[in-house]
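# Close look at the chain arrangement
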Amino acid sequence: MEDPDKKTEVVLLACGSFNPITNMHLRLFELAKDYLHETGKYKVIKGIISPVGDAYKKKGLISANHRVTMAKLATKSSDWVEVDDWESSQSEWLETLKVLRYHHQKLLSPDATNSLQNTVPLTKPGRKRKQEPNRHDPVKKKNQDPDIKSAPQVKLLCGSDMLESFWIPNLWKLEDITEILKSYGLVCISRAGNSIQKLIYESDILWKHKNNIHLVEEWITNDISSTKIRRALRRGQSIRYLVPDVVQAYIEKNNLYSPESEDRNAGVVLAPLQKNTSDSKN
């Protein structure tokens, strides 16, 4: 029988624009890791930042090349958080569920024990991928810690705004939300006093999978956002101590944010809204 005291290895995956990456984005990983370790049930082995591709078409979204570079600069000093550019390199926008599936499959590949950097395609050429998220064979590791369960889990790391976005019409597919909650789970960072628990209570889907939603209260509040960073830059105001110094230097060197860059994709419908609205009509 499986020892209930063994810890499950977890990889935290954060998807988003990172336009630009901020100290708050990095802080989310530390908060989530502390929380999961304090439960005594999990051991966080990796954090992954996955910037969205240009095809997302969000207003003010600068090129993925710059956003990935800034994220890599920001995580250079981290010994456990890294940047993956697979999602950002795709020519079409990808649903978050597909990114989760990709990283889950990557972990379960034969070479995953040697390096999480190995690339594994989502599908084999000419074959349709079977969707059996709960039937993967566990990775066998040499000299594995006896207190660690064998198969790593990928959990989606997010802020409370992502949970709230589930209910924006046509932004998410109901079946995607269900699979994310059921097969992967969320680690959601919320500010003390936030009404996320009320949101879970009022949603049948969230309530059904509430045991797979880890709510982490952020007691040391941090209101930094990429939107506010871009606004300060447009106004010629300092962003020092809001982003890593190397990110600030990169932004200044490349003159990345301006009124012109903020107008990028203005009037263009967000990719998920385009796709899901079209699918609902068909």
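Residues numbered from 1 in each chain as written. Predicted model: local features only at pLDDT ≥ 70, side-chain atom pairs only at ≥ 80, totals over all residues. Heavy atoms only, no water.

An unreviewed UniProt entry lists the chain under the name Nicotinamide-nucleotide adenylyltransferase, with Pedionomus torquatus as the source organism. Quoted verbatim from the Subunit (unreviewed entry) heading of the UniProt record, the comment on the chain is "Homohexamer. Interacts with ADPRT/PARP1." Regarding the chain, the UniProt comment filed under Sequence similarities (unreviewed entry) reads as follows: "Belongs to the eukaryotic NMN adenylyltransferase family." (UniProt positions renumbered as here; feature names shortened; annotations may be inferred.)

### Examining the pattern of salt bridges
By the definition in use, this model includes 12 salt bridges. Where E82 meets K46, a salt bridge forms, and the shortest distance between an N and an O atom there is 3.3 Å. A residue pair is termed long-range when its members are at least 10 positions apart, and E82 in strand β3 (residues 81-83) and K46 in strand β2 (residues 42-51) qualify at 36 residues. Looking at E82, the relative accessible area reads 17%, which means it is buried. The closest approach of N and O atoms between E95 and K173, which form a salt bridge, is 3.8 Å. Separated by 78 residues along the polypeptide, E95 in the loop between β3 and α3 (96-107) and K173 in the loop between α4 (160-165) and α5 (174-184) bring together distant segments of the chain. (Salt bridge = Lys/Arg side-chain N within 4 Å of Asp/Glu carboxyl O. Helix = DSSP H or I, 4+ residues; strand = E, 2+ residues; numbered from the N terminus. Buried < 20%, exposed > 50% of the residue type's maximum accessible area, 1.4 Å probe, protein only.)

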